[in-house]
Amino acid sequence: MGMLSARRLRALLRKEWLQVRRDPMTLRLIIALPVMQLLIFGYAINSNPHDLPTGVLMAEPSRYERTIVAALRNTGYYRTRLVGSEAEAEADIAEGRLLFVVDFPPGFDRAVDRGEAPSVLVDTDGTDPTAVGYATAALSGLGDVLARDLPPARRGMALPVPFRFVVHTRYNPEQLTVLNVVPGLICVVLMMSTLMLTTLAITRERERGTMENLLAMPVRPVEVMLAKIAPYIGIGYLQVLVILLIAVLLLHLPVHGSILLLFGVLGVFIASNLALGITYSTLAANQMQAQQMAQFTMLPFMLLSGFVFPFQGMPRWARVIGEGMPTTHAMRIVRGVLLKGNGLAEILPDLWPIVLFTLCTVAVAVRFYRETLD
Amino acid sequence: MNGPKPEDYVIDVHDLRKDFGTLRVVDGLSLRVARGEICGFLGANGSGKTTTIRMLCGLLVPDAGRGTCLGLDIIRDAPRIRRQVGYMTQRFSLYEDLTVRENLELVAGIYELSDPRGAVDAMLDRMELRGRASQLAGQLSGGWKQRLALTACVLHRPALLLLDEPTAGVDARARRAFWDLIHDMAGGGLTVLVSTHYMDEAERCARVVYLAGGRIVVQGSAGELLARVGLVTFEGTGDGVEDAVRRLREAPGVEAATVFGRALHVAGMDRARLEEAIHAQGGGLAWQEVPPRLEDVFIHLLGQEDG
């Protein structure tokens, strides 16, 4: 026995290479993973998000108001649109369609001209402080945007300032990042554990040879899948409970909405992950492949969902992809219920996509679950 | 006419065919097995035994052919066939991380037995597994694992047992005990189709079906096969068996020369040429004619396949 035999090593290298080549699925995923990461990190993610959806409330659009709105747009941070009423603005910010509402008081132009320095109220959705932080900071640079519009008598006067922005941070007034991260974490932890566990469920049976015996007995595919899913729903809920307890007791996470509603909705979210896991399990040839499929999914699900990087900061294509993923919607729901006190009506727009996703995945799983060994 | 009527056949399939890619694994196989019969499935590895068994219990869908199993169509009624068939896979396919009892209770539940605990208890006693009921299946020895697997597939009192090399890798005593159980159950009206590589097991079957290339080559009772093939066998004993077998294998007229311990079996179809070969190459051994063994017959058949 020599120390290192080139011939032995070559034989082993050849064997490893052959095995890698025999598993083209794994090879494809290994190539696709860095490509996806580069695309996401290179193009999709932006921690200094621009073009944030902003609603503007104007009683009667006036000259100064239009100038200020144009200036907001020019910062690059605000994508403005007119909102009809305060109630509409309220609903939009609660459901996450708007991150800012800019509210001009009635008679704004006259108040400016009289030197009353009226306030422009900027309501922000503070659930994700990093999403709105830069945009809010940019407001301070807009103090002199009216300089050219003002009557000649007032131009060049430092005082009084023509108007003031009053920023009102909703939901998370202290702008604590932890309040944003914890609800997101609930979803991410649930996704990771439930997806991982179930992807292995059916491939394991197939690899150990127990599937053949199971198939030879009178069981229905739905029975096998339901049985595999059920225990993990319980495990998922246990995780939610632990995270919530720590978050509320130690991190002082406020709970503004209904915990019961939250648990109900999380059940749907857990089901969506389990369905996806089972689907991977039926598609993958072995446990290794199933695991890689799960990893391949978890990365975009986490990064494009608005968990660490603001959703509104992503380009349109990334947001479209994000909208298709249950994690994105679950995260909005959990943040909405915990921080905004949202009820069923407010979360419905994010609930049905999760349900739809689950149904589609289950359909694929049932379609590909083989009742025979063919 | 005293022969079995069509409804007496538990397995009645015609022209079954199955391809895996470009490989034809089962090629026009027709088989009838009567109620209560123990039918042995023999043939080299890859001859189509496992594939045929899997088609019979609905695990594989035949590409062509038709037939019934327990009077039910093997393609349309696969789910109903599964309820009445006990299938023992070649590889141990129960849960190694469950105990013997837990595995059996799972099976009892899947078959919706009315008294699962009672059924499991009764079967544990009958199969003498009681002492190991709380042992993890993964920790059982090969013989006990196979006994557990058999127990699992008879728990629901099937009308037909499909056993795919049930005794592979099991010691002789455990194999004998296993076959005693099979005969015991067949006595109660159970039909058994069992694939095996062991000749002593083939001899315990009422009928042997020999497969090659996905087709049935010969079938009949062990005695019939011996008579039909018409093999002549001589046994030589004495010193120099190893040298003699090398010489005789090459000799014309010798189809098979096999050493059994200190004895040498030489078999061939043509008595005159066989005697000539022994005369020329079998010096130093004491020769006598013996009844051919089933094993000689199959070695002869396998040799024909290769030819």
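Residues numbered from 1 in each chain as written. Chains lettered and ligands numbered in written order. Predicted model: local features only at pLDDT ≥ 70, side-chain atom pairs only at ≥ 80, totals over all residues.

- Identification of chain B as ABC transporter ATP-binding protein from Gluconacetobacter tumulicola is taken from an unreviewed UniProt entry.

- As recorded in an unreviewed UniProt entry, chain A goes by the name ABC transporter permease, listed as coming from Gluconacetobacter tumulicola.

Things to note about the overall build of chain B
Reasoning step 1: Secondary structure assignment for chain B yields eleven helices and 14 strands.
Reasoning step 2: Dimensions of chain B, computed from C-alpha atoms along their principal axes, come out at roughly 70 × 45 × 45 Å.
Reasoning step 3: Put simply, chain B has 307 residues, and 44% of those count as buried.
Reasoning step 4: Across chain B, every contact between residues at least 6 apart in sequence was considered, and the portion connecting residues at least 24 apart equals 69%. (Helix = DSSP H or I, 4+ residues; strand = E, 2+ residues; numbered from the N terminus. Buried ≥ 20, exposed ≤ 12 C-beta atoms within 10 Å, placed from the backbone. Contact = placed C-beta atoms within 7 Å.)

Remarks on the sheet that holds strand 3 (residues 100-103) of chain A
All names here are of chain A.
Reasoning step 1: What the five strands build is an open sheet, ordered 2-1-3-4-5; its pairing is mixed. Edge positions in the open sheet fall to strand 2 (78-82) and strand 5 (164-170), since each of these has one partner strand only. The mean inter-strand angle of the sheet, taken between neighbouring strand axes irrespective of direction, is 25°.
Reasoning step 2: Note that strand 3 and strand 4 (residues 119-125) share four bridges and pair antiparallel. When the bridges of strand 4 are listed, Asp103 appears paired with Leu121.
Reasoning step 3: Of the strands in this sheet, strand 1 (52-57), strand 3, strand 4 and strand 5 are in contact with helix 4 (residues 86-94), which crosses strand 1 at around 165°. (Pairing = 2+ DSSP bridges. Axes fitted to C-alpha atoms, helices over the stretch in contact; angles between N-to-C directions.)

Remarks on the sheet that holds strand 5 (residues 72-73) of chain B
All names here are of chain B.
Reasoning step 1: Strand order in the open sheet formed by four strands is 2-1-4-5, with antiparallel pairing between adjacent strands. Single-partner strands in this sheet number two, and they are strand 2 (23-34) and strand 5.
Reasoning step 2: Judged from the nine bridges that link them, strand 1 (residues 9-20) and strand 2 form a sheet pairing that is antiparallel. By the bridge assignment for strand 2, Lys18 is matched with Val26.
Reasoning step 3: Running over the sheet, helix 1 (residues 49-56) touches strand 1, strand 2 and strand 4 (64-69) and is turned about 120° from strand 1.

Overview of the UniProt feature "transmembrane region" (unreviewed entry) in chain A
Residue and element names in this part refer to chain A.
Reasoning step 1: Mapped onto the present numbering, the UniProt feature "transmembrane region" (unreviewed entry) falls at residues 25-45, 181-202, 229-253, 259-281, 293-311 and 351-369.
Reasoning step 2: A helix fraction of 100% and a strand fraction of 0% characterise residues 181-202, whose end C-alpha atoms lie 33 Å from each other.
Reasoning step 3: Across residues 293-311, the secondary structure splits into 58% helix and 0% strand, with the terminal C-alpha atoms separated by 24 Å. (UniProt positions renumbered as here; feature names shortened; annotations may be inferred.)

Observations regarding the domain arrangement of chain A
As a measure of interface size, the accessible area lost when the parts come together is often cited.
Residues and elements named next belong to chain A.
Reasoning step 1: Per the domain assignment, the segments making up chain A are domain 1 (52-170) and domain 2 (177-368).
Reasoning step 2: Here the C-alpha centre of domain 2 lies 39 Å away from the C-alpha centre of domain 1.
Reasoning step 3: Counting residues at the interface gives eleven residues for domain 1, matched by 13 residues for domain 2.
Reasoning step 4: Breaking the side of domain 1 that touches domain 2 down by element, the ones donating at least two residues are strand 1 and helix 6 (129-138).
Reasoning step 5: A per-element tally of the side of domain 1 that touches domain 2 places helix 6 first, with three residues.
Reasoning step 6: A per-class count over the side of domain 1 that touches domain 2 returns six nonpolar, three polar and two charged. (Domains from an automatic or database assignment. Nonpolar A, V, L, I, M, F, W, Y, C, P; charged D, E, K, R; others polar.)

Description of the confidence of the model for chain B
Reasoning step 1: A residue-level look at chain B finds 97% of positions with pLDDT of 70 or above and a mean pLDDT of 87.
Reasoning step 2: Across the predicted assembly, pTM comes out at 0.73 and ipTM at 0.76. (pLDDT = per-residue confidence, 0-100.)

Focus: the interface of chain B and chain A
Reasoning step 1: Listed by partner, the interface residues are 18 residues for chain B and twelve residues for chain A.
Reasoning step 2: Listing elements by their share of the side of chain B that touches chain A, those giving two or more residues are helix 2 (78-84) and helix 3 (100-110) of chain B.
Reasoning step 3: Among the elements that make up the side of chain B that touches chain A, the one with the highest residue count is helix 2 of chain B (three residues).
Reasoning step 4: Partitioning the side of chain B that touches chain A into residue classes produces eleven nonpolar, three polar and four charged.

Describing the pairing of strand 12 (residues 256-260) of chain B
Reasoning step 1: As paired strands, strand 12 of chain B and strand 13 (residues 263-268) of chain B are joined by five bridges and run antiparallel to one another. Bridge assignment links B:Thr258 to a residue of strand 13 of chain B, and that residue is B:His265.

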